[in-house]
Amino acid sequence: MDIKNIYIIGAGLMGGGIAQVGILNGFEVTMISRSMESLNRSKAVIEKNLKKDIKRGLLTEEAAEEALKHLSLTPDMTAVKDADLVIESVYENMELKKQIFSQLSDLCREDIILATNTSAISVTSLASVVKNPSRVCGMHFVSPVPKMPLMEIVKSIVTSSETIAIAREIGEAMGKRCIISKDSPAFLLNRMLLPMINEGSNLVEVGIGSIEDVDAAMRIGLNHPMGPLEIVDAAGIDVIYSAICAIHNETNDPKYKPSLLMGNMVRMGWIGKKAGKGYYIYNEDGTKTPNPDINNVF
Ligand SMILES: NC(=O)c1ccc[n+]([C@@H]2O[C@H](COP(=O)([O-])OP(=O)(O)OC[C@H]3O[C@@H](n4cnc5c(N)ncnc54)[C@H](O)[C@@H]3O)[C@@H](O)[C@H]2O)c1
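## Details of the site of the ligand
Turning to step 1, where the next piece is worked out: Taken together, 25 residues lie around the ligand, and Gly10, Gly12, Met14, Ser143 and Ala235 are the ones closest in.
Turning to step 2, where the next piece is worked out: Among the elements that take part in the shell around the ligand, helix H1 (residues 13-24) stands out by supplying 3 residues, more than any other.
Turning to step 3, where the next piece is worked out: Its residues placed into classes, the shell around the ligand shows 11 nonpolar, 12 polar and 2 charged.
Turning to step 4, where the next piece is worked out: A domain split of the shell around the ligand shows at least three residues from each of domain 1 (5-182) and domain 2 (190-297).

What follows is the structure in C-alpha coordinates.
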(Lines give C-alpha, C1' and ligand atoms only; values in the text may rest on other atoms or scores of the structure.)
Protein backbone atom coordinates (compact mmCIF):
# COMPACT_ATOMS: atom_id res chain seq x y z
CA MET A 1 0.00 0.00 0.00
CA ASP A 2 1.34 3.44 -0.90
CA ILE A 3 1.05 5.58 2.20
CA LYS A 4 1.60 9.28 1.77
CA ASN A 5 -1.05 11.10 3.81
CA ILE A 6 -0.85 10.49 7.53
CA TYR A 7 -3.52 12.02 9.75
CA ILE A 8 -2.85 12.42 13.45
CA ILE A 9 -5.74 12.96 15.86
CA GLY A 10 -4.62 14.95 18.91
CA ALA A 11 -2.03 17.72 18.96
CA GLY A 12 -0.47 17.26 22.37
CA LEU A 13 3.02 16.21 23.35
CA MET A 14 2.83 12.95 21.36
CA GLY A 15 0.68 14.05 18.41
CA GLY A 16 3.10 16.92 17.75
CA GLY A 17 6.12 14.62 18.10
CA ILE A 18 4.72 12.08 15.65
CA ALA A 19 3.87 14.89 13.22
CA GLN A 20 7.44 16.17 13.46
CA VAL A 21 9.03 12.82 12.57
CA GLY A 22 6.42 12.32 9.85
CA ILE A 23 7.18 15.55 7.99
CA LEU A 24 10.93 15.05 8.38
CA ASN A 25 10.63 11.64 6.73
CA GLY A 26 8.72 12.57 3.62
CA PHE A 27 5.09 12.12 4.67
CA GLU A 28 2.27 14.60 4.23
CA VAL A 29 0.97 15.05 7.76
CA THR A 30 -2.32 16.57 8.86
CA MET A 31 -2.91 17.14 12.55
CA ILE A 32 -6.50 17.24 13.78
CA SER A 33 -7.43 18.55 17.19
CA ARG A 34 -10.41 20.24 18.80
CA SER A 35 -9.26 23.84 18.27
CA MET A 36 -6.95 25.83 16.00
CA GLU A 37 -5.32 27.23 19.16
CA SER A 38 -4.05 23.83 20.29
CA LEU A 39 -2.98 23.00 16.72
CA ASN A 40 -1.05 26.26 16.39
CA ARG A 41 0.57 25.67 19.78
CA SER A 42 1.70 22.25 18.62
CA LYS A 43 3.06 23.64 15.34
CA ALA A 44 5.00 26.30 17.29
CA VAL A 45 6.63 23.52 19.37
CA ILE A 46 7.61 21.68 16.17
CA GLU A 47 9.10 24.89 14.74
CA LYS A 48 11.06 25.45 17.96
CA ASN A 49 12.36 21.86 17.89
CA LEU A 50 13.46 22.20 14.27
CA LYS A 51 15.28 25.45 15.08
CA LYS A 52 17.13 23.66 17.89
CA ASP A 53 18.12 20.89 15.47
CA ILE A 54 19.42 23.50 13.02
CA LYS A 55 21.51 25.09 15.80
CA ARG A 56 22.93 21.69 16.72
CA GLY A 57 23.83 21.06 13.09
CA LEU A 58 21.41 18.13 12.78
CA LEU A 59 19.23 19.77 10.14
CA THR A 60 19.65 22.42 7.45
CA GLU A 61 17.38 25.46 7.30
CA GLU A 62 16.21 24.36 3.85
CA ALA A 63 15.23 20.88 5.09
CA ALA A 64 13.32 22.36 8.03
CA GLU A 65 11.50 24.80 5.75
CA GLU A 66 10.67 22.01 3.31
CA ALA A 67 9.40 19.73 6.11
CA LEU A 68 7.07 22.41 7.47
CA LYS A 69 5.44 22.74 4.02
CA HIS A 70 4.16 19.16 4.52
CA LEU A 71 2.31 19.92 7.75
CA SER A 72 -1.39 20.84 7.68
CA LEU A 73 -3.67 21.64 10.59
CA THR A 74 -7.42 21.36 10.85
CA PRO A 75 -10.05 21.05 13.59
CA ASP A 76 -12.35 19.31 11.06
CA MET A 77 -12.53 15.58 11.71
CA THR A 78 -14.18 14.89 8.34
CA ALA A 79 -10.80 15.69 6.70
CA VAL A 80 -9.75 12.08 7.50
CA LYS A 81 -11.59 10.97 4.36
CA ASP A 82 -8.27 11.68 2.54
CA ALA A 83 -6.09 9.72 4.96
CA ASP A 84 -3.91 6.73 3.97
CA LEU A 85 -3.19 6.08 7.65
CA VAL A 86 -4.59 7.55 10.86
CA ILE A 87 -2.70 7.64 14.15
CA GLU A 88 -4.92 8.55 17.10
CA SER A 89 -3.12 10.28 19.97
CA VAL A 90 -5.77 11.96 22.14
CA TYR A 91 -6.03 11.81 25.94
CA GLU A 92 -5.64 8.39 27.51
CA ASN A 93 -9.36 7.79 28.02
CA MET A 94 -11.15 4.68 26.80
CA GLU A 95 -14.54 6.31 26.14
CA LEU A 96 -12.98 9.21 24.22
CA LYS A 97 -10.80 6.88 22.14
CA LYS A 98 -13.73 4.57 21.37
CA GLN A 99 -15.78 7.54 20.24
CA ILE A 100 -12.95 8.66 17.96
CA PHE A 101 -12.45 5.16 16.49
CA SER A 102 -16.14 4.86 15.82
CA GLN A 103 -16.06 8.22 14.00
CA LEU A 104 -12.96 7.15 12.05
CA SER A 105 -14.72 3.97 11.04
CA ASP A 106 -17.53 6.04 9.50
CA LEU A 107 -15.35 8.72 7.92
CA CYS A 108 -12.22 6.96 6.58
CA ARG A 109 -11.67 4.72 3.58
CA GLU A 110 -12.32 1.13 4.63
CA ASP A 111 -8.91 -0.15 3.51
CA ILE A 112 -6.70 2.11 5.62
CA ILE A 113 -4.97 1.34 8.90
CA LEU A 114 -6.35 2.97 12.02
CA ALA A 115 -3.62 3.05 14.67
CA THR A 116 -3.62 4.21 18.26
CA ASN A 117 -0.69 5.61 20.18
CA THR A 118 -2.26 4.53 23.47
CA SER A 119 0.15 3.61 26.26
CA ALA A 120 -2.11 1.13 27.99
CA ILE A 121 -5.68 1.03 26.65
CA SER A 122 -6.85 -2.22 25.07
CA VAL A 123 -6.37 -2.06 21.29
CA THR A 124 -8.91 -4.88 20.95
CA SER A 125 -11.56 -2.66 22.60
CA LEU A 126 -10.88 0.08 20.05
CA ALA A 127 -10.95 -2.45 17.19
CA SER A 128 -14.35 -3.68 18.40
CA VAL A 129 -16.07 -0.42 17.36
CA VAL A 130 -14.56 -0.36 13.85
CA LYS A 131 -15.78 -1.86 10.59
CA ASN A 132 -13.06 -4.23 9.38
CA PRO A 133 -11.26 -4.40 12.78
CA SER A 134 -8.30 -6.33 11.31
CA ARG A 135 -6.86 -2.95 10.26
CA VAL A 136 -6.61 -1.61 13.82
CA CYS A 137 -3.28 -1.79 15.65
CA GLY A 138 -1.21 0.10 18.17
CA MET A 139 1.63 2.31 16.95
CA HIS A 140 3.03 3.23 20.32
CA PHE A 141 5.78 5.83 20.07
CA VAL A 142 8.11 6.76 22.92
CA SER A 143 8.41 10.29 24.26
CA PRO A 144 10.12 12.49 23.13
CA VAL A 145 9.18 11.04 19.74
CA PRO A 146 11.82 12.87 17.67
CA LYS A 147 14.59 11.52 19.93
CA MET A 148 13.50 8.01 20.93
CA PRO A 149 14.06 5.48 18.15
CA LEU A 150 11.60 2.79 19.26
CA MET A 151 8.04 2.08 18.18
CA GLU A 152 5.93 -0.66 19.70
CA ILE A 153 3.42 -2.24 17.33
CA VAL A 154 0.46 -3.70 19.19
CA LYS A 155 -1.44 -6.62 17.71
CA SER A 156 -5.00 -7.23 18.87
CA ILE A 157 -6.58 -10.67 18.51
CA VAL A 158 -7.98 -9.58 15.14
CA THR A 159 -5.14 -7.43 13.72
CA SER A 160 -4.05 -8.83 10.35
CA SER A 161 -0.44 -9.59 9.50
CA GLU A 162 -0.77 -7.14 6.60
CA THR A 163 -1.63 -4.38 9.09
CA ILE A 164 1.42 -5.26 11.20
CA ALA A 165 3.66 -5.27 8.12
CA ILE A 166 2.43 -1.84 7.05
CA ALA A 167 2.78 -0.39 10.56
CA ARG A 168 6.35 -1.71 10.64
CA GLU A 169 7.11 -0.21 7.23
CA ILE A 170 5.84 3.22 8.35
CA GLY A 171 7.67 3.00 11.71
CA GLU A 172 10.92 2.12 9.97
CA ALA A 173 10.40 4.91 7.43
CA MET A 174 10.19 7.24 10.43
CA GLY A 175 13.52 5.89 11.67
CA LYS A 176 12.14 3.66 14.43
CA ARG A 177 13.19 0.16 15.50
CA CYS A 178 9.86 -1.65 15.75
CA ILE A 179 9.01 -4.24 18.36
CA ILE A 180 5.76 -6.20 18.46
CA SER A 181 3.58 -6.84 21.48
CA LYS A 182 0.36 -8.79 21.74
CA ASP A 183 -2.46 -6.64 23.09
CA SER A 184 -2.11 -6.99 26.84
CA PRO A 185 -2.22 -4.34 29.55
CA ALA A 186 0.54 -1.75 28.86
CA PHE A 187 2.18 -3.96 26.22
CA LEU A 188 5.94 -4.59 26.58
CA LEU A 189 7.72 -1.34 27.33
CA ASN A 190 5.34 0.15 29.89
CA ARG A 191 4.75 -3.19 31.54
CA MET A 192 8.36 -2.89 32.71
CA LEU A 193 8.73 0.90 32.95
CA LEU A 194 5.57 1.80 34.87
CA PRO A 195 6.25 -0.38 37.95
CA MET A 196 9.68 1.27 38.21
CA ILE A 197 8.15 4.76 38.14
CA ASN A 198 5.39 3.74 40.55
CA GLU A 199 7.91 2.26 42.97
CA GLY A 200 10.07 5.40 42.74
CA SER A 201 7.04 7.44 43.81
CA ASN A 202 6.25 4.98 46.63
CA LEU A 203 9.82 5.20 47.96
CA VAL A 204 9.53 8.99 48.14
CA GLU A 205 6.06 8.79 49.66
CA VAL A 206 7.08 6.54 52.54
CA GLY A 207 10.28 8.52 53.09
CA ILE A 208 12.76 5.79 52.19
CA GLY A 209 14.59 8.09 49.80
CA SER A 210 14.52 11.65 48.48
CA ILE A 211 13.31 12.61 45.00
CA GLU A 212 16.85 13.34 43.85
CA ASP A 213 18.29 10.11 45.29
CA VAL A 214 15.58 7.91 43.77
CA ASP A 215 16.47 9.40 40.38
CA ALA A 216 20.23 9.23 41.01
CA ALA A 217 19.93 5.53 41.89
CA MET A 218 18.76 4.65 38.39
CA ARG A 219 20.57 7.41 36.48
CA ILE A 220 23.97 7.02 38.07
CA GLY A 221 23.68 3.48 39.40
CA LEU A 222 22.33 1.89 36.24
CA ASN A 223 23.31 4.44 33.61
CA HIS A 224 19.69 5.21 32.70
CA PRO A 225 19.58 8.59 30.92
CA MET A 226 16.81 9.78 33.29
CA GLY A 227 15.56 8.73 36.72
CA PRO A 228 11.98 7.40 37.08
CA LEU A 229 10.62 10.64 38.56
CA GLU A 230 12.30 12.72 35.87
CA ILE A 231 10.69 10.43 33.28
CA VAL A 232 7.19 10.73 34.74
CA ASP A 233 7.53 14.52 35.01
CA ALA A 234 8.56 14.72 31.35
CA ALA A 235 5.89 12.30 30.10
CA GLY A 236 3.03 13.86 32.13
CA ILE A 237 2.08 12.46 35.54
CA ASP A 238 -1.61 12.40 34.53
CA VAL A 239 -0.84 10.24 31.50
CA ILE A 240 1.40 7.81 33.40
CA TYR A 241 -0.95 7.61 36.39
CA SER A 242 -3.92 6.70 34.23
CA ALA A 243 -1.81 4.05 32.49
CA ILE A 244 -0.80 2.51 35.85
CA CYS A 245 -4.46 2.58 36.99
CA ALA A 246 -5.50 0.90 33.72
CA ILE A 247 -3.00 -1.95 34.17
CA HIS A 248 -4.03 -2.40 37.78
CA ASN A 249 -7.74 -2.45 36.90
CA GLU A 250 -7.16 -4.98 34.18
CA THR A 251 -4.73 -7.32 35.95
CA ASN A 252 -5.58 -6.76 39.62
CA ASP A 253 -1.88 -7.47 40.13
CA PRO A 254 -0.66 -5.75 43.35
CA LYS A 255 2.66 -4.87 41.75
CA TYR A 256 0.76 -2.26 39.70
CA LYS A 257 -1.15 -0.75 42.67
CA PRO A 258 -1.02 2.98 41.84
CA SER A 259 1.09 5.20 44.07
CA LEU A 260 -1.16 7.24 46.39
CA LEU A 261 1.22 10.19 46.18
CA MET A 262 1.04 10.17 42.38
CA GLY A 263 -2.78 10.13 42.46
CA ASN A 264 -2.86 13.06 44.86
CA MET A 265 -0.44 15.01 42.68
CA VAL A 266 -2.74 14.49 39.68
CA ARG A 267 -5.71 15.66 41.77
CA MET A 268 -3.74 18.84 42.63
CA GLY A 269 -2.81 19.46 38.98
CA TRP A 270 0.90 18.87 39.71
CA ILE A 271 1.23 16.87 36.53
CA GLY A 272 4.87 17.40 35.70
CA LYS A 273 6.94 19.61 33.45
CA LYS A 274 3.99 20.72 31.29
CA ALA A 275 2.40 22.25 34.45
CA GLY A 276 5.73 23.61 35.78
CA LYS A 277 5.32 21.37 38.82
CA GLY A 278 5.56 17.66 39.43
CA TYR A 279 8.16 15.76 41.45
CA TYR A 280 10.31 18.76 40.52
CA ILE A 281 9.59 22.48 40.20
CA TYR A 282 10.62 23.80 36.77
CA ASN A 283 12.25 27.19 37.20
CA GLU A 284 12.17 29.96 34.61
CA ASP A 285 15.95 29.79 34.15
CA GLY A 286 15.61 26.20 32.89
CA THR A 287 16.80 24.56 36.13
CA LYS A 288 14.72 22.20 38.24
CA THR A 289 14.55 21.65 41.99
CA PRO A 290 12.76 18.92 43.99
CA ASN A 291 9.16 19.89 44.80
CA PRO A 292 9.22 20.96 48.47
CA ASP A 293 5.43 20.48 48.80
CA ILE A 294 5.82 16.74 48.36
CA ASN A 295 7.51 16.62 51.75
CA ASN A 296 4.29 18.04 53.23
CA VAL A 297 2.41 14.84 52.45
CA PHE A 298 3.96 13.14 55.51
N1 LIG B 1 3.17 11.36 27.18
C2 LIG B 1 3.86 10.25 26.90
O3 LIG B 1 5.02 10.05 27.31
C4 LIG B 1 3.24 9.19 26.04
C5 LIG B 1 4.06 8.20 25.47
C6 LIG B 1 3.49 7.25 24.61
C7 LIG B 1 2.14 7.29 24.35
N8 LIG B 1 1.35 8.25 24.94
C9 LIG B 1 -0.09 8.24 24.63
O10 LIG B 1 -0.33 9.24 23.66
C11 LIG B 1 -1.68 9.74 23.82
C12 LIG B 1 -1.62 11.26 23.95
O13 LIG B 1 -0.79 11.60 25.04
P14 LIG B 1 -0.12 13.07 25.15
O15 LIG B 1 0.95 12.94 26.18
O16 LIG B 1 0.21 13.61 23.81
O17 LIG B 1 -1.37 13.89 25.77
P18 LIG B 1 -1.65 15.45 25.74
O19 LIG B 1 -2.54 15.74 26.90
O20 LIG B 1 -0.37 16.20 25.60
O21 LIG B 1 -2.48 15.66 24.37
C22 LIG B 1 -3.75 15.13 24.12
C23 LIG B 1 -4.32 15.87 22.91
O24 LIG B 1 -5.58 15.28 22.56
C25 LIG B 1 -6.41 16.33 22.10
N26 LIG B 1 -7.81 15.90 22.12
C27 LIG B 1 -8.55 15.57 23.19
N28 LIG B 1 -9.80 15.24 22.80
C29 LIG B 1 -9.82 15.34 21.45
C30 LIG B 1 -10.82 15.13 20.46
N31 LIG B 1 -12.04 14.76 20.78
N32 LIG B 1 -10.49 15.32 19.17
C33 LIG B 1 -9.22 15.69 18.82
N34 LIG B 1 -8.23 15.92 19.72
C35 LIG B 1 -8.55 15.76 21.02
C36 LIG B 1 -6.12 17.45 23.06
O37 LIG B 1 -6.55 18.70 22.56
C38 LIG B 1 -4.61 17.36 23.16
O39 LIG B 1 -4.00 18.10 22.12
C40 LIG B 1 -2.26 9.04 25.04
O41 LIG B 1 -2.99 7.93 24.63
C42 LIG B 1 -1.00 8.59 25.80
O43 LIG B 1 -1.22 7.46 26.61
C44 LIG B 1 1.87 9.20 25.75
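Next comes the rest of the description.
## Some remarks on the nonpolar core
For soluble globular proteins, nonpolar side chains are generally found buried alongside one another.
Turning to step 1, where the next piece is worked out: Judged by nonpolar contacts, the single largest core of 82 residues is most densely connected at Ile8, Val86, Leu114 and Ile240.
Turning to step 2, where the next piece is worked out: Looking at this core element by element, the count peaks at 8 residues for helix H10 (residues 237-251).
Turning to step 3, where the next piece is worked out: Two domains share this core, each providing at least three of its residues, namely domain 1 (5-182) and domain 2 (190-297).
Turning to step 4, where the next piece is worked out: Not counting residues within four places of it along the chain, the set of residues in contact with Leu114 comprises Val86, Phe101, Leu104, Cys108, Val130, Arg135 and Val136.

## Description of the pairing of strand S6 (residues 136-141)
Turning to step 1, where the next piece is worked out: Along S6, 6 of the 6 residues are buried, which leaves the element largely enclosed by surrounding structure.
Turning to step 2, where the next piece is worked out: With burial as the criterion, each face of S6 is covered, one bearing Val136, Gly138 and His140 and the other bearing Cys137, Met139 and Phe141.
Turning to step 3, where the next piece is worked out: When strand S5 (residues 113-116) meets S6, the two strands line up parallel, connected through 3 bridges. The residue of S6 that forms the bridge with Leu114 is Val136.
Turning to step 4, where the next piece is worked out: Two strands pair when backbone bridges link them, and S6 and strand S7 (residues 150-155) are joined in this way by 4 bridges, in the antiparallel orientation. Bridging across to S7, Met139 finds its partner in Ile153.

## What about the packing of helix H7 (residues 189-205) against helix H9 (residues 228-235)?
Turning to step 1, where the next piece is worked out: Across the interface, H7 lies against H9 with an axial gap of 8 Å and an inter-helix angle of 110°. Taken together, H7 and H9 sit at an angle that is classed as roughly perpendicular. Every residue of H9 that contacts H7 at Met196, Ile197, Gly200 and Ser201 is listed here: Pro228, Leu229, Ile231 and Val232.
Turning to step 2, where the next piece is worked out: Counted by class, the contact of H7 with H9 contains 6 nonpolar, 2 polar and no charged residues.

## Things to note about the sheet that holds strand S3 (residues 71-74)
Turning to step 1, where the next piece is worked out: Within the open sheet, the 8 strands sit side by side as S3-S2-S1-S4-S5-S6-S7-S8. Their pairing is mixed. Whereas interior strands pair on both sides, the edge strands pair on one side only; in this sheet they are S3 and strand S8 (177-182). In this sheet, neighbouring strand axes are inclined to one another by 25° on average, regardless of whether the strands run parallel or antiparallel.
Turning to step 2, where the next piece is worked out: For S7 and S8, the ladder comprises 6 bridges, and the chain directions are parallel. When the bridges of S8 are listed, Lys155 appears paired with Lys182.
Turning to step 3, where the next piece is worked out: Packed on one face of the sheet, helix H6 (residues 161-173) meets strand S4 (85-88), S5, S6, S7 and S8 and runs near 170° to S7.

## Some details on the environment of Ala63
Turning to step 1, where the next piece is worked out: As for its position among the elements, Ala63 is in helix H3 (residues 61-68).
Turning to step 2, where the next piece is worked out: Its 14 C-beta neighbours within 10 Å are what place Ala63 among the partly exposed residues.
Turning to step 3, where the next piece is worked out: When the C-alpha positions of Ala63 and Asp238 are compared, they lie 35 Å apart, and in sequence the two are 175 residues distant.

## Points about the pairing of strand S1 (residues 5-9)
Turning to step 1, where the next piece is worked out: When you tally the buried positions in S1, you get 4 out of 5 residues, the bulk of the element.
Turning to step 2, where the next piece is worked out: Sheet topology note: the S1/strand S2 (residues 28-32) ladder contains 5 bridges and is parallel. Within S2, the residue paired with Ile8 across the bridge is Met31.
Turning to step 3, where the next piece is worked out: Handedness of the crossover joining S1 and S2 through H1: right-handed.

## Focus: the environment of Ile121
Turning to step 1, where the next piece is worked out: Counting through the fold element by element, Ile121 comes out in the loop between S5 and helix H5 (123-127).
Turning to step 2, where the next piece is worked out: The exposure class of Ile121 is buried, given the 24 C-beta atoms found within 10 Å.
Turning to step 3, where the next piece is worked out: Distance from Ile121 to Asp82, taken between C-alpha atoms, is 26 Å for residues 39 residues apart in sequence.
Turning to step 4, where the next piece is worked out: Ile121 has contacts with Glu92, Met94, Lys97 and Ala246, leaving out every residue within four places of it along the chain.

## Concerning the domain arrangement of the chain
Much of the literature gives interface size as the accessible area that the parts lose upon coming together.
Turning to step 1, where the next piece is worked out: The domain architecture assigned to the chain consists of domain 1 (5-182) and domain 2 (190-297).
Turning to step 2, where the next piece is worked out: Placing the centre of domain 1 and that of domain 2 at their C-alpha centroids yields a distance of 26 Å.
Turning to step 3, where the next piece is worked out: Residue composition of the side of domain 1 that touches domain 2, grouped by class: 3 nonpolar, 2 polar and 1 charged.

Conventions and cut-offs
- Residues numbered from 1 in each chain as written.
- Predicted model: local features only at pLDDT ≥ 70, side-chain atom pairs only at ≥ 80, totals over all residues.
- Near = placed C-beta within 6 Å.
- Helix = DSSP H or I, 4+ residues; strand = E, 2+ residues; numbered from the N terminus.
- Nonpolar A, V, L, I, M, F, W, Y, C, P; charged D, E, K, R; others polar.
- Domains from an automatic or database assignment.
- Core = buried A, V, L, I, M, F, W, Y, C linked by C-beta atoms within 7 Å.
- Buried ≥ 20, exposed ≤ 12 C-beta atoms within 10 Å, placed from the backbone.
- Contact = placed C-beta atoms within 7 Å.
- Pairing = 2+ DSSP bridges.
- Axes fitted to C-alpha atoms, helices over the stretch in contact; angles between N-to-C directions.
- Parallel < 35°, antiparallel > 145°, perpendicular 65-115°, else oblique.
- Right-handed = clockwise from strand over helix to strand, strands pointing away.

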